[in-house]
Amino acid sequence: MTIRKYQGYTPQLGARVFVDPTAVVLGDVELGDDVSVWPQAVIRGDMHRIRIGRGTSVQDGSVLHITHASDFNPGGYPLIIGEEVTIGHKAVLHGCTLGNRILVGMSATIMDGVTVEDEVIIAAGALVTPGKTLKSGYVYAGSPARQVREISGKERRFFSYSAANYVALKDKHLAEGWEA
């Protein structure tokens, strides 16, 4: 089953959400309007909350999880993702906070306690280590990720373009009868 209740929490879906039948969304998860979750993505809110904002797309094979509260991590870390975020194929987001209009490259990993401000590009394969803050308006790349340059005006316009492109694509899938 694609949408799964866990420990009394049932994922909450906004309007026009698309969740591919091979994806899994479980537990304390809220997906905003026009969110798309593509094949074999996993969004697992089983020990803390996950919130994903309007127009965000979670690409194929991505894993989205949290950090539970414990003696080692009092309070834990939820996973909070803003609006119009494009999460590339096979990305791993774990107990971090992302702002709005962000591009997370394919196979990037963003770890516990990271904060990514609005309008950031995280390059494919980047590793963002625990507790870092990525400042708005920059491209980050490498392992560990480091600030490499300012984003261009064209790249800034691409954030909303990419989000709208995936909203249109998920609408086509919904029109063919694929929905959670």
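The structure this text deals with has already been given above.
Residues numbered from 1 in each chain as written. Predicted model: local features only at pLDDT ≥ 70, side-chain atom pairs only at ≥ 80, totals over all residues. Heavy atoms only, no water.

*Asks:* Tell me about the pairing of strand 19 (residues 138-142), and name the residues and values.
*Replies:* Pairing of strand 16 (residues 121-122) with strand 19 involves 2 bridges; the strand directions are parallel. Paired with Ile121 across the bridge in strand 19 is Val139. Pairing geometry for strand 19 and strand 20 (residues 145-150), over 5 bridges, is antiparallel. Residue pairing in the sheet places Tyr138 in a bridge with Glu150 of strand 20. (Pairing = 2+ DSSP bridges. Helix = DSSP H or I, 4+ residues; strand = E, 2+ residues; numbered from the N terminus.)

*Asks:* An account of the packing of aromatic side chains is needed here, citing residue identities and associated values.
*Replies:* Following the criterion strictly, the structure yields 3 aromatic pairs and no others. On the basis of an interplanar angle of 50° and a centroid distance of 4.9 Å, the ring pair of Phe18 and Trp38 is categorised as tilted. Pair noted here: Phe18 is in strand 3 (residues 18-19) and Trp38 is in the loop between strand 5 (36-37) and strand 6 (42-52), with a separation of 20 residues, a long-range link. Assessed through its relative accessible area of 0%, Phe18 is described here as buried. Taken together, the ring pairs in this structure connect Phe18, Trp38 and Tyr166 into an aromatic cluster. (Phe/Tyr/Trp six-rings, centres within 6.5 Å; stacked < 30°, edge-to-face > 60°. Buried < 20%, exposed > 50% of the residue type's maximum accessible area, 1.4 Å probe, protein only.)

*Asks:* Give me the lowdown on the sheet that holds strand 16, citing residues and values where you can.
*Replies:* Strand order in the open sheet made by the 8 strands is 3-5-7-10-13-16-19-20, with mixed pairing throughout. In the strand order of this sheet, the two ends are held by strand 3 and strand 20, each with one partner. Two strands pair when backbone bridges link them, and strand 13 (residues 103-104) and strand 16 are joined in this way by 2 bridges, in the parallel orientation. Counterpart to Leu103 in the pairing with strand 16 is Ile121.

*Asks:* So what's going on with the pattern of salt bridges? Which residues, and what values?
*Replies:* Taken as a whole, this structure holds 11 salt bridges when the rule is applied. For Glu117, the salt bridge is made with Lys135, and the minimal N-O distance between the two is 3.6 Å. One end of the pair, Glu117, is in the loop between strand 15 (115-116) and strand 16; the other, Lys135, is in the loop between strand 18 (133-134) and strand 19, with 18 residues separating them in the sequence. Overall, the relative accessible area of 28% leaves Glu117 in the partly exposed class. (Salt bridge = Lys/Arg side-chain N within 4 Å of Asp/Glu carboxyl O.)

*Asks:* Lay out the environment of Glu155 with the relevant residues and their values.
*Replies:* One can find Glu155 in helix 1 (residues 153-175). Separated by 25 residues in sequence, Glu155 and Pro130 place their C-alpha atoms 26 Å apart. Leaving out residues up to four positions away in the same chain, Glu155 has contacts with Ile121, Val139, Arg149 and Glu150. Of note is the side chain of Glu155, whose polar atom sits 2.7 Å from the backbone nitrogen of Ser152. (Contact = heavy atoms within 4.5 Å. Polar contact = N/O pair within 3.5 Å; in protein donor to acceptor, adjacent residues only side chain to side chain.)

Remember, this is a structural readout, not a statement about activity or role.
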